[in-house]
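Observations on the three-dimensional arrangement
Here are the chains, one letter per residue:
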Amino acid sequence: MVEPINALVKGAYGQLLNYFHASLKLERKERKAGRIKRVYGQPKQPLARVLASAEVTSQIKRRLEREKAASIPSH
(Lines give C-alpha, C1' and ligand atoms only; values in the text may rest on other atoms or scores of the structure.)
Protein backbone atom coordinates (compact mmCIF):
# COMPACT_ATOMS: atom_id res chain seq x y z
CA MET A 1 0.00 0.00 0.00
CA VAL A 2 2.84 2.42 0.79
CA GLU A 3 4.85 1.78 -2.38
CA PRO A 4 2.16 3.00 -4.85
CA ILE A 5 1.68 6.17 -2.79
CA ASN A 6 5.43 6.80 -2.70
CA ALA A 7 5.62 6.31 -6.48
CA LEU A 8 2.79 8.81 -6.96
CA VAL A 9 4.42 11.43 -4.72
CA LYS A 10 7.78 11.01 -6.45
CA GLY A 11 6.11 11.15 -9.86
CA ALA A 12 3.18 13.16 -11.18
CA TYR A 13 1.79 14.43 -7.87
CA GLY A 14 5.21 15.54 -6.65
CA GLN A 15 5.80 17.43 -9.89
CA LEU A 16 2.40 19.11 -9.57
CA LEU A 17 3.21 20.30 -6.05
CA ASN A 18 6.78 21.39 -6.78
CA TYR A 19 6.24 23.09 -10.13
CA PHE A 20 2.71 24.49 -10.04
CA HIS A 21 1.17 24.56 -6.54
CA ALA A 22 1.99 27.68 -4.54
CA SER A 23 2.38 27.40 -0.78
CA LEU A 24 2.74 29.81 2.11
CA LYS A 25 5.78 29.89 4.37
CA LEU A 26 5.75 31.23 7.90
CA GLU A 27 8.01 34.29 8.15
CA ARG A 28 7.65 35.12 11.80
CA LYS A 29 5.41 35.03 14.86
CA GLU A 30 4.39 38.17 16.72
CA ARG A 31 3.06 38.26 20.25
CA LYS A 32 0.35 40.86 20.88
CA ALA A 33 -1.72 41.06 24.04
CA GLY A 34 -0.87 37.49 25.00
CA ARG A 35 -1.84 36.09 21.60
CA ILE A 36 0.43 34.87 18.83
CA LYS A 37 -0.08 36.23 15.34
CA ARG A 38 1.50 34.29 12.48
CA VAL A 39 2.83 36.35 9.57
CA TYR A 40 3.22 34.54 6.25
CA GLY A 41 5.17 35.51 3.14
CA GLN A 42 3.83 35.68 -0.40
CA PRO A 43 2.71 32.34 -1.85
CA LYS A 44 5.33 30.81 -4.16
CA GLN A 45 5.92 27.48 -5.82
CA PRO A 46 8.71 25.42 -4.26
CA LEU A 47 10.55 25.60 -7.61
CA ALA A 48 10.44 29.41 -7.49
CA ARG A 49 11.98 29.32 -4.00
CA VAL A 50 14.80 27.08 -5.24
CA LEU A 51 15.43 29.26 -8.30
CA ALA A 52 15.63 32.36 -6.07
CA SER A 53 18.12 30.70 -3.70
CA ALA A 54 21.78 31.65 -3.94
CA GLU A 55 22.76 28.29 -2.41
CA VAL A 56 21.68 26.30 -5.49
CA THR A 57 24.03 26.10 -8.46
CA SER A 58 22.98 27.44 -11.85
CA GLN A 59 23.42 23.95 -13.33
CA ILE A 60 20.79 22.51 -10.99
CA LYS A 61 18.48 25.46 -11.63
CA ARG A 62 18.68 24.89 -15.41
CA ARG A 63 17.97 21.17 -14.95
CA LEU A 64 14.91 21.91 -12.83
CA GLU A 65 13.61 24.42 -15.39
CA ARG A 66 14.04 21.79 -18.16
CA GLU A 67 12.19 19.21 -16.06
CA LYS A 68 9.31 21.64 -15.53
CA ALA A 69 9.15 22.44 -19.24
CA ALA A 70 9.09 18.72 -20.04
CA SER A 71 6.23 18.14 -17.59
CA ILE A 72 3.92 20.59 -19.36
CA PRO A 73 1.95 18.75 -22.07
CA SER A 74 2.16 20.30 -25.52
CA HIS A 75 -0.96 20.72 -27.65
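Presented here is a report on the structure given in the accompanying data block. Here the structure is a predicted model, which is why all the values come from computation and not from measurement.

A look at the overall build of the protein
- Check the secondary structure of the protein and you find 4 helices and 2 strands.
- Against the 2.2 N^0.38 benchmark of 11 Å for 75 residues, the protein shows a C-alpha radius of gyration of 17 Å, more extended than a compact globule.
- If you line up the protein on its principal axes, its C-alpha atoms span 55 × 40 × 25 Å.
- Here the protein holds 75 residues, and 9% of them are scored as buried.
- A separation of at least 24 residues holds for 34% of the contacts in the protein among residues at least 6 apart in sequence.
- Of the roughly 6,500 Å² of accessible surface on the protein, 56% is carried by carbon and sulfur atoms.

What about the pattern of salt bridges?
- For the structure on display, the rule yields 3 salt bridges.
- Among the salt bridges present, the one from Arg28 reaches Glu27, with a minimum N-O distance of 3.6 Å.
- Under the relative-accessibility criterion, Arg28 is labelled partly exposed at 41%.
- On the basis of relative accessibility, which here comes to 54%, the residue Glu27 falls in the exposed class.

Describing the environment of Leu26
- With respect to the helices and strands, Leu26 occurs in strand E1 (residues 26–32).
- Residue class for Leu26 comes out partly exposed when judged on its relative accessible area of 42%.
- Sequence spacing of Leu26 and Gly41 is 15 residues, and the spatial spacing of their C-alpha atoms is 6.4 Å.
- Non-local contacts of Leu26, meaning those with residues more than four positions away in its chain, are made with Arg38, Val39 and Tyr40.

Conventions and cut-offs
- Residues numbered from 1 in each chain as written.
- Predicted model: local features only at pLDDT ≥ 70, side-chain atom pairs only at ≥ 80, totals over all residues.
- Heavy atoms only, no water.
- Helix = DSSP H or I, 4+ residues; strand = E, 2+ residues; numbered from the N terminus.
- Rg over C-alpha atoms; globule rule 2.2 N^0.38 Å.
- Buried < 20%, exposed > 50% of the residue type's maximum accessible area, 1.4 Å probe, protein only.
- Contact = heavy atoms within 4.5 Å.
- Areas by Shrake-Rupley, 256 points an atom, 1.4 Å probe, with all protein chains shown as cover.
- Salt bridge = Lys/Arg side-chain N within 4 Å of Asp/Glu carboxyl O.

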